[in-house]
Amino acid sequence: MQVDNAVRSYGLHINGHESPPGTNMVDRHSPATGRLVARYVAGTVEDARAAVEAARTAFDTGTWPHLSGQDRSRILNRLAALTRRDAEQLARIEAEETGKPLRLARGDVAASIGLTEYAAALALTMHGDVHTNLGPGFTGLVTREPAGVVGMITPWNFPLLLLMQKLPFALAAGCTAVAKPAEVTSGTTLEIARLTVEAGVPAGVFNVVTGRGSVVGQHLAESEHIDVLSFTGSTSVGQRIIQASGVNSKRLSMELGGKAATIVFPDADLTAAVDGVLFGVFFNQGECCVSGARLLVHQDIADEFLSAVVSRARELAVGHPLDEDSDIGALIHAEHLETVLNYVNIGRQHGARVLLGGARLDSPELRDGFFFAPTILDEVTPQNPAFQEEIFGPVLTVTRFGTTEEAIGLANSVEYGLANTVWSKNIDTALTVGRALHSGTVWINTTIDGAPQLPGGGVKNSGYGREMGQVGFDEFTEVKTIQIRTGQREPFFR
Ligand code: TAP
């Protein structure tokens, strides 16, 4: 695995082979320094078709769906061990290509290993039910079968982690797959493809085609040879995919955008809540679907609480991804930086007051990258686009509330429903609010937390379907009912 100053060049990974890099390549420059770090093939529709065909053949005529759970589990555990062996290099690639701090990228790799090990355990325990109480001579088997060929389309903010919320689970169930990573951050997906070969995953079971979403991704959505399409990305692209995927009755799992609220009540552990608010919004530069981008704080503590949040935010280090001291890295590319800046300006035009940041950072050491200052906007009304729309950057909006009902209403007043956070030491308040929030996940007295056993996913325009946990695994299986009559039975017609 090449890292540091070498430019990594990748081919496509189809049917167990990596093609040599071609002439039509996508160049990835580090968003922090501008240096060329990686080159991936700009895949074509023909490449995507070949990858789907390889996965289809591996599923229809190959051994993978028929291996014992123990064999699949062993291979997945080997993949986890190889990922652990290469953890530091994978983290560096992730940090270089996304701009996120290396320290956080290490966490993504560790979580990916945990997910792979958990999926390996699920491969062992996959089973069905037998119904023996249906009456004399009538037995029902409800079996779980692998769902087929899975298309996986992933975004640029957590390229490795979001792949590993899908891939090990699909493989554990006996499915085969074609992945299309984001065009600008394809490195770790291709590295995982190499590791699957080393781990003993048979040819054709996992394929990767890099390139444009409108070409490769669109083909996966349209292909009638794909049975399940698992997409993580924006709500607008997700809606395009839902339309394009109608050619066959493929199952869709849609992990889309978010606009999470963090609600702080006066009875919270306020020191922990300050820490949680900052981590919730500035983790991964705010380029996080579950980012706690909206602070809803009780009016009785708002001024004091905000002053603590602002003073702690000033201490956060924005810096180079490979610098061990960086808390916040670079945004993904210039266009995205412009989008974030625009939202800040729109927020101001709608009456928001900038308490901190609000601009690009252009000190001599950061000038070559897309660094944005941690930003806090106060006096943000629910009508403000900065409150309603996903900014996907290090921007916290602040809105005050008076009653619990008001807090719930504000939190639920956006089109998204991915996650929300509640800070309160009162079990009554915490659970009442937690139950009333419209989102797939609610954190209470913690934030952006998780475990492989716990499913994640959204409601409303944040999508449908769940990843991780037993529920996430089940999405890659098909239920079959086998009904058996034994002994003498009455004829159907007299
Ligand atoms: P998108 O622009 O939606 O891109 C996601 C993926 O879809 C990329 O691989 C992209 O390819 C591909 N794509 C683009 N157009 C396509 C098309 N017509 N057909 C098929 N695929 C297509 O998202 P992004 O900007 O990379 O990521 C940020 C978004 O992802 C945010 O909205 C964020 O909330 C969401 N997200 C959600 C979650 C969960 S768990 N719900 C997690 C992380 C991120 P290209 O390489 O060409 O762009």
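Reading the values: rules and limits
Residues numbered from 1 in each chain as written. Predicted model: local features only at pLDDT ≥ 70, side-chain atom pairs only at ≥ 80, totals over all residues. Heavy atoms only, no water. Pairing = 2+ DSSP bridges. Helix = DSSP H or I, 4+ residues; strand = E, 2+ residues; numbered from the N terminus. Contact = heavy atoms within 4.5 Å. Axes fitted to C-alpha atoms, helices over the stretch in contact; angles between N-to-C directions. Phe/Tyr/Trp six-rings, centres within 6.5 Å; stacked < 30°, edge-to-face > 60°. Buried < 20%, exposed > 50% of the residue type's maximum accessible area, 1.4 Å probe, protein only. Lys NZ or Arg CZ within 6 Å of the ring centre and 35° of its normal. Domains from an automatic or database assignment. Buried area = accessible area lost by both parts, 1.4 Å probe. Patch = residues over 30% accessible without salt bridge, like charges linked within 9 Å, V, L, I, M, F, W, Y side chains within 5 Å. Areas by Shrake-Rupley, 256 points an atom, 1.4 Å probe, with all protein chains shown as cover. Salt bridge = Lys/Arg side-chain N within 4 Å of Asp/Glu carboxyl O. Near = heavy atom within 4 Å. Polar contact = N/O pair within 3.5 Å; in protein donor to acceptor, adjacent residues only side chain to side chain. Disulfide = S-S within 2.5 Å.

## Some details on the sheet that holds strand 4 (residues 25-29)
On the basis of which strands lie adjacent, the open sheet formed by 3 strands has the order 1-5-4 and mixed pairing. Both outer strands of the open sheet, strand 1 (8-9) and strand 4, are each paired with one neighbouring strand and no more. Bridge analysis of strand 1 against strand 5 (residues 36-41) gives 2 bridges, and the strand direction is parallel. Bridging from a neighbouring strand, Arg-8 pairs with Ala-38 of strand 5. Those strands touched by helix 3 (residues 87-98) are strand 1, strand 4 and strand 5, and its axis lies near 95° from that of strand 5.

## Concerning the packing of aromatic side chains
Within this structure, the stated rule accounts for 6 aromatic pairs. Residues Phe-279 and Phe-283 carry aromatic rings whose centres are separated by 4.9 Å and whose planes lie at 35° to one another, so their mutual orientation is tilted. Judged by its relative accessible area of 12%, Phe-283 falls in the buried class. Between the NZ or CZ atom of Arg-294 and the centre of the ring of Phe-387, over which it lies, the distance is 4.8 Å.

## What about the domain arrangement of the chain?
The domains assigned to the chain are domain 1 (8-256 + 462-480) and domain 2 (261-444). Of note, the centres of domain 1 and domain 2, computed from C-alpha atoms alone, are 31 Å apart. Taken together, the contact pairs 26 residues of domain 1 with 28 residues of domain 2. Both faces considered, domain 1 and domain 2 share a buried interface measuring about 2300 Å² in area, 57% of it formed by carbon and sulfur atoms. When the buried surface of domain 1 facing domain 2 is broken down by residue, Ala-32, Trp-156 and Ser-462 rank first, second and third, together holding 25% of it.

## Considering a nonpolar patch on the surface
Judged by side-chain polarity, Ile-427, Leu-431 and Ile-444 come together as a nonpolar surface patch covering roughly 280 Å² of accessible area. With respect to the helices and strands, Ile-444 occurs in strand 20 (residues 441-444).

## Topic: the site of the ligand
If you check the shell around the ligand, you find 29 residues, and the closest are Glu-183, Gly-213, Ser-234, Leu-256 and Glu-390. One nitrogen or oxygen atom from the main chain of Gly-213 is found 2.6 Å from an oxygen atom belonging to the ligand. For the shell around the ligand, the elements supplying multiple residues, two or more each, are helix 8 (213-222), strand 11 (228-232) and helix 9 (235-244). Residue-level mapping places the shell around the ligand at the junction of two domains, with at least three residues from each of domain 1 (8-256 + 462-480) and domain 2 (261-444).

## Observations regarding the side chain of Ser-230
Locating Ser-230 in the fold gives a position in strand 11. Exposure remark for Ser-230: the relative accessible area of 1% places this residue in the buried category. In this structure the side chain of Ser-230 is engaged in a polar contact, spanning 3.5 Å, whose partner is the side chain of Glu-467. If sequence neighbours within four positions are ignored, Ser-230 has contacts with Val-150, Gly-151, Met-152, Ile-153, Lys-166, Ser-253 and Glu-467.

## Side note on the state of the cysteines
As enumerated under the stated definition, the model contains 0 disulfides in all. Left without a disulfide partner, Cys-288 is nearest to the cysteine sulfur of Cys-289, which lies 5.1 Å away. Residue Cys-288 is classed as buried on the basis of its relative accessible area, which comes to 5%. In this structure Cys-289 comes out as partly exposed when scored by relative accessible area, which is 24%.

## Description of the environment of Leu-195
By the secondary structure assignment, Leu-195 is in helix 7 (residues 187-199). A residue is classified by how much of its surface remains accessible, and Leu-195, at 3% relative accessible area, is buried. Residues Leu-195 and Thr-83, spaced 112 residues apart in sequence, show a C-alpha to C-alpha distance of 7.4 Å. If we ignore the near neighbours within four places in the chain, the residues touching Leu-195 are Leu-79, Leu-82, Thr-83, Arg-85, Asp-86 and Leu-90.

## Examining unusual backbone geometry
The backbone of Lys-460 sits at a positive phi, close to 50°, despite the residue not being glycine. Within the chain, Met-468 stands out as a residue other than glycine whose phi angle is a positive 75°. Along the chain, Met-468 turns up in the loop between strand 22 (463-464) and helix 16 (469-474). On the basis of relative accessibility, which here comes to 14%, the residue Met-468 falls in the buried class.

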